[in-house]
Amino acid sequence: MSSTGIPGKAPAKIGGHLIASIRGAQSGPTLIVLGSIHGNEPAGTLAAHRVVAALEQRRSCLRGEVILLAGNTLALRRKVRYIDADLNRLWTEVNIQTIRSGKSLHQHISEHFEQWELLVELDRVFAAATPQNEIFFVDLHTTSAAGKPFATVGDTLRNRSFALNFPVTIVLGLEEQIDGTLLEYVNNLGLITMGLEAGQHDALSSVDNHEAVIWIATVATGNLRSADVPELDKYRSRLVLAAGGRRVVEVRHRHATSPDDKFKMEPGFTNFQPVRRGQTLAHDRRGEITARETGLVLLPLYQSLGDDGFFLGREVMKFWLSLSALLRRLKIGNYVHLLPGVRRDPLNENFLIVNTRIARVLPLQVFHLLGFRRRRWAGRHLVVSRRAYDVEGPHR
């Protein structure tokens, strides 16, 4: 990846995103941990600062590098989600090209400078990457509503395998519902990624949960051995107690909002609370908003900023996860375009164009099993896509 050159308008130095970079005595994988990409979510950066000294003391047994980053530093200082634009919605291909060219920096949007500064840090890591060692990226978040910790995972088998090291609920398909997230950007580059929602924004327990996640991640990546983290069982027990055990939930619906909607969530909802079809969940200027199906509510919006009103999901049984893994290792998805009403995008083999009038008998679950979770409409056709690095990384 080329370095980022910004003409004229760039700040004189990096704006404090790098909390620490701890390189071990031996070669190995790279773990990047980023907190507070939303400025009203301080728990991730607080946890990162907590672990720095202890990681420094383990340099002699550390393999590879552990990098701790702060996200939206300007918004973090002001304790707001963002200043001019949501930094976790800016990571589209077009926007990144514009940021790299320096053109957007003339618009005086604070988050454009924040994004450029983070790109400088990430480019440094990617430039030093080797085919022998994976790069892992963990994005630390909190929520406006109280609730149990859970992981959000872009649906690749590599990501699933990593996330299973953490004793929390795993949510599949959330990233595929949202455009422009940082995790989506780095996942598409071939990194192994996971987001972790640790609890409510200002709860001290959220900092504790993120600290536990960081230490468990260092062992899951191979940066450290279990013996190098004697408190590992304590950290796992903390997450088991906070999360209530592991299960897998897939996102089936996102209710998007805009400032003009005057969206207001009904009080009292928490993450993974069961809801029934037709139940009132929120109101906006058009009236009542009800659950379109029976399931679980995720990330109910109880803050003034944000464009995700809520998500609906449902639990996935282990049988379907195992079947999905088998089908994807057999590369069955490479042949689904042979079905009636389904054709492959000529420009990208990971995109399918579905004529729903012909292929309407194909349930979306079939595409989900094969990794095609991202759905967008193009006229009358449904476009479904999967991630490029499902089973193997870019260097294999």
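Draft legend 1. Geometry of the sheet that holds strand S9 (residues 264–265). As summarised here, the arrangement of the three strands in space is S9-S11-S12, forming an open sheet in which the pairing is antiparallel. What marks the edges here is a single partner per strand, and that holds for S9 and strand S12 (287–290).

Draft legend 2. Focus on the packing of helix H3 (residues 93–101) against helix H4 (residues 110–127). Between H3 and H4, the least distance of the axes is 10 Å, while the angle of their chain directions is 90 degrees. Of the possible angle classes, the one that applies to H3 and H4 is roughly perpendicular. Counted together, Asn95, Ile96, Ile99 and Arg100 of H3 and His112, Gln115, Trp116, Leu119 and Asp123 of H4 form the full contact between these two elements. Classifying every residue of the contact of H3 with H4 by side-chain character gives four nonpolar, three polar and two charged.

Draft legend 3. Representation of the packing of helix H7 (residues 204–221) against helix H8 (residues 232–243) within the structure. It is at 9 Å that the axes of H7 and H8 come closest, and there the two elements cross at 130 degrees. By the angle between their axes, H7 is oblique relative to H8. In the crossing of H7 with H8, the sense of the turn from one axis to the other is left-handed. Here Asp208, Asn209, Glu211, Ala212, Val213, Trp215, Ile216 and Val219 of H7 lie close against H8, whose contacting residues are Leu232, Tyr235, Arg236, Arg238, Leu239 and Ala242.

Draft legend 4. View of the sheet that holds strand S4 (residues 135–143). Strands sit in the order S1-S3-S2-S4-S7-S5-S6-S8-S14-S13-S10 across an open sheet of 11 strands; the sheet is mixed. Two strands lie at the open edges of the sheet, namely strand S1 (18–23) and strand S10 (273–275), each paired on one side alone. For this sheet, the mean inter-axis angle between neighbouring strands, taken without regard to orientation, is 30 degrees. As paired strands, strand S6 (residues 169–172) and strand S8 (residues 248–256) are joined by three bridges and run parallel to one another. Counted as the bridge partner of Val171 is Val249 from S8.

Draft legend 5. How the structure looks around unusual backbone geometry. Its identity is not glycine, yet Lys79 carries a phi of approximately 60 degrees, on the positive side. Structurally, the position occupied by Lys79 is in the loop between helix H2 (73–78) and H3. Residue class for Lys79 comes out exposed when judged on its relative accessible area of 69%. Phi at Lys331 takes a positive value of approximately 60 degrees, unusual for a residue other than glycine.

Draft legend 6. Up close: the layout of surface pockets. Of the volumes computed, that of the largest pocket is approximately 720 Å³. Together, 25 residues line the largest pocket, and Glu93, Glu184, Tyr185, Asn188 and Phe351 are the ones closest to its centre. Where the lining of the largest pocket is concerned, the elements lending two or more residues are H3, helix H6 (182–188) and strand S16 (348–355). A total of four residues in the lining of the largest pocket trace back to one element, the largest contributor, which is H3. Class assignment of the residues belonging to the lining of the largest pocket gives a composition of seven nonpolar, eight polar and 10 charged.

Draft legend 7. Inspection of the nonpolar core at higher detail. If you look at the biggest cluster of nonpolar residues, it comprises 48 residues, and the most contacted ones within it are Leu68 and Met194. Per element, the largest residue contribution to this core is eight residues, and it comes from H7. Ile32, Leu90, Ile135 and Tyr185 belong to the second-largest nonpolar core, a separate cluster that totals 24 residues.

Draft legend 8. Structural context of the pairing of S6. By the alternation rule, side chains of S6 split into Thr169 and Val171 and Ile170 and Leu172, which are all buried. Note that strand S5 (residues 150–153) and S6 share four bridges and pair parallel. Bridging from a neighbouring strand, Thr152 pairs with Val171 of S6. Each parallel crossover has a hand, and the one from S5 via helix H5 (residues 157–163) to S6 is right-handed.

Draft legend 9. View of the pattern of salt bridges. Applying the stated rule across the entire model yields 31 salt bridges. For Glu134, the salt bridge is made with Arg158, and the minimal N-O distance between the two is 2.9 Å. You can see Glu134 sitting in the loop between H4 and S4 and its partner Arg158 sitting in helix H5, a full 24 residues away along the chain. On the basis of relative accessibility, which here comes to 9%, the residue Arg158 falls in the buried class.

Draft legend 10. Spotlight on the side chain of His17. Mapped onto the elements of the fold, His17 is located in the segment before S1. A polar atom in the side chain of His17 sits 2.9 Å from the backbone oxygen of Gly71. Beyond its immediate sequence surroundings of up to four residues, His17 is in contact with Leu68, Leu69, Ala70, Gly71, Thr73, Glu114, Glu117 and Leu118.

Draft legend 11. Broad picture of a nonpolar patch on the surface. Judged by side-chain polarity, Met317, Phe319 and Trp320 come together as a nonpolar surface patch covering roughly 340 Å² of accessible area. Relative to the helices and strands, Phe319 resides in helix H9 (residues 318–329). Classification of Phe319 as exposed rests on a relative accessible area of 54%.

Reading guide: rules and limits
Each chain has its residues counted from 1, following the order in which its sequence is written. Note on the predicted model: pLDDT of at least 70 is required for a residue's local features to be given, and 80 or more for side-chain atom pairs to be given and counted; whole-chain, interface and lining totals, by contrast, use all residues. Side-chain metrics in this entry use all non-hydrogen atoms of the structure; hydrogen atoms and water are not considered. Should DSSP find at least two bridges between two strands, the strands are regarded as paired. Helix and strand assignments follow DSSP, with helices taken as H or I runs no shorter than four residues and strands as E runs no shorter than two, numbered in order from the N terminus. To get an axis, fit a line to the C-alpha atoms, keeping to the stretch in contact for a helix; angles then go from 0 to 180 degrees between the N-to-C directions. Just so you know how the angles are binned, under 35 degrees is roughly parallel, over 145 roughly antiparallel, 65 to 115 roughly perpendicular, and the rest oblique. Whether two residues are in contact is decided by their heavy atoms, any of which lying within 4.5 Å being enough. Note that Gly is not counted as nonpolar here; it falls among the polar residues with everything else outside the nonpolar set of Ala, Val, Leu, Ile, Met, Phe, Trp, Tyr, Cys and Pro and the charged set of Asp, Glu, Lys and Arg. Handedness of a helix crossing follows the sense of rotation of the near helix relative to the far helix, less than a right angle counterclockwise being left-handed and clockwise being right-handed. Buried means the residue's accessible area, taken with a 1.4 Å probe over protein chains only, is under 20% of the maximum for its type, while exposed means over 50%, and partly exposed covers the values in between. Residues are said to line a cavity or pocket when one of their atoms sits within 4 Å of a point; the points come from a 1 Å grid over protein atoms alone, cavities being sets where a 1.4 Å probe fits but cannot get out and pockets being open sets with protein on both sides within 12 Å along at least five of seven lines. Grid points are joined across faces, edges and corners, and a volume is the space filled by probe spheres set on the points. What makes a nonpolar core is a set of buried Ala, Val, Leu, Ile, Met, Phe, Trp, Tyr and Cys residues whose side-chain atoms join them at distances within 4.5 Å. A right-handed crossover is one whose linking path, passing over the helix from the first strand to the second, runs clockwise when the strands point away from the viewer. For this analysis, a salt bridge means a side-chain nitrogen from Lys or Arg found within 4 Å of a carboxyl oxygen belonging to Asp or Glu. By the criterion applied in these results, polar contacts are pairs of N or O atoms within 3.5 Å in which, for protein atoms, one can donate a hydrogen and the other can accept it, and in which residues neighboring in sequence qualify only through two side-chain atoms. Patch membership needs two things, relative accessible area over 30% and no salt bridge, and members are linked within 9 Å if like-charged or within 5 Å if nonpolar (Val, Leu, Ile, Met, Phe, Trp, Tyr). Per-residue accessibility takes into account occlusion by the displayed protein chains alone, with areas from the Shrake-Rupley method and a 1.4 Å probe.

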